[in-house]
Each structure stands twice: as C-alpha cells, then as structure tokens.
Amino acid sequence: MNLRSKNKINPEFNMSSMTDIIFLLLIFFMLTSNFVAPTGLPVSLPTSKSSTIVIQKISVTITPDLKYYLNGKEISLSDLEPQLAALLQNADEGVVVLHVDKSVPVEYLVNVASVAAGLNAKVTLATTPTE
C-alpha cells in the first residue's frame, strides 16, 4: 500500500521574478538620478590639477597695485562695465577670464565677477597648474 501524498511541494524558490524587479529598480534609480539638479551657486571653480584650456577672447587682469586691464589695456573700474558690454556683444561666446594676483583682496575679484555676471557672461578664474 502506497501512503505517499500525490501533491509534492517543491522546496526550491524561483528567483527570476525577484531579479526582474531588482533590475527594474536599478534602471529606475539610474534614470532619475540624472534628472536631479544639485542646488548650489552657479560658480565655476577651476582646479589647478585638472584644468581645461579656455580660449581667451576677453581677459580682465587685476594687478597687486589694484589696476584693472581689459585685454591688456589699462582701464578704470567705472569704465569696465560699458567696455566689457561692448566686447561681449561682438563675441560669440561670453567667457570672461579673470587673471587676479593672489595678494589682491577677494572683494575686487567679486566686483569684476559681478559686473561680468550682470552682463550674462561666464566667469572663469585663471590659475597656474601645480606640479
């Protein structure tokens, strides 16, 4: 006489549906992470180790004795905005490269950067690479 049950329970667990769900979640998080915009100030912070070369069309230099130069010509701070606006209208890309001596206080750098940002120009600070 055979007393065994005809309904046998399989002890194995099928993982295919679980892996499908994991892959779908992985794809979902990878896609949504690209749409999250970081909140912060829109400031270009150049580093000296991996610097990119920017073609200098408009250059503003501040010397240690606080003299301003626009593309190599000396200029006063009050004349900087109108002349910079004229140069930015003729340029196809509005990139202003700032060459500031490290002994110059930050407030002078901020003054020039705010004038350029007010004219919708991208501001980049020139640095020397470290070795």
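Residues numbered from 1 in each chain as written. Predicted model: local features only at pLDDT ≥ 70, side-chain atom pairs only at ≥ 80, totals over all residues. Heavy atoms only, no water.

The chain appears in an unreviewed UniProt entry as Biopolymer transporter ExbD from Pontibacter amylolyticus. If you open the UniProt record of the chain and go to Sequence similarities (unreviewed entry), you find "Belongs to the ExbD/TolR family." (UniProt positions renumbered as here; feature names shortened; annotations may be inferred.)

(A) Expanded view of the environment of Val60. Turning to its location among the elements, Val60 is positioned in strand E1 (residues 58-62). Considered as a pair, Val60 and Val100 are 40 residues apart in the sequence and their alpha carbons are 8.2 Å apart. Those residues in contact with Val60 that lie beyond four places of it in its chain are Tyr69, Leu70, Leu80, Val96, Val97, Leu98, His99 and Val112. (Helix = DSSP H or I, 4+ residues; strand = E, 2+ residues; numbered from the N terminus. Contact = heavy atoms within 4.5 Å.)

(B) Quick peek at the sheet that holds E1. What the five strands build is an open sheet, ordered E3-E2-E1-E4-E5; its pairing is mixed. Each edge of the sheet is formed by a strand with only one pairing partner; in this case those strands are strand E3 (73-75) and strand E5 (122-125). Across the sheet, the mean angle from the axis of one strand to that of its neighbour is 30°, orientation sign disregarded. One ladder, built from three bridges, connects strand E2 (residues 68-70) with E3; its direction is antiparallel. Within E3, the residue paired with Tyr68 across the bridge is Ile75. Helix-sheet contacts for helix H2 (residues 77-90) involve E1, E2, E3 and strand E4 (95-100), and the interaxial angle to E2 is about 15°. (Pairing = 2+ DSSP bridges. Axes fitted to C-alpha atoms, helices over the stretch in contact; angles between N-to-C directions.)

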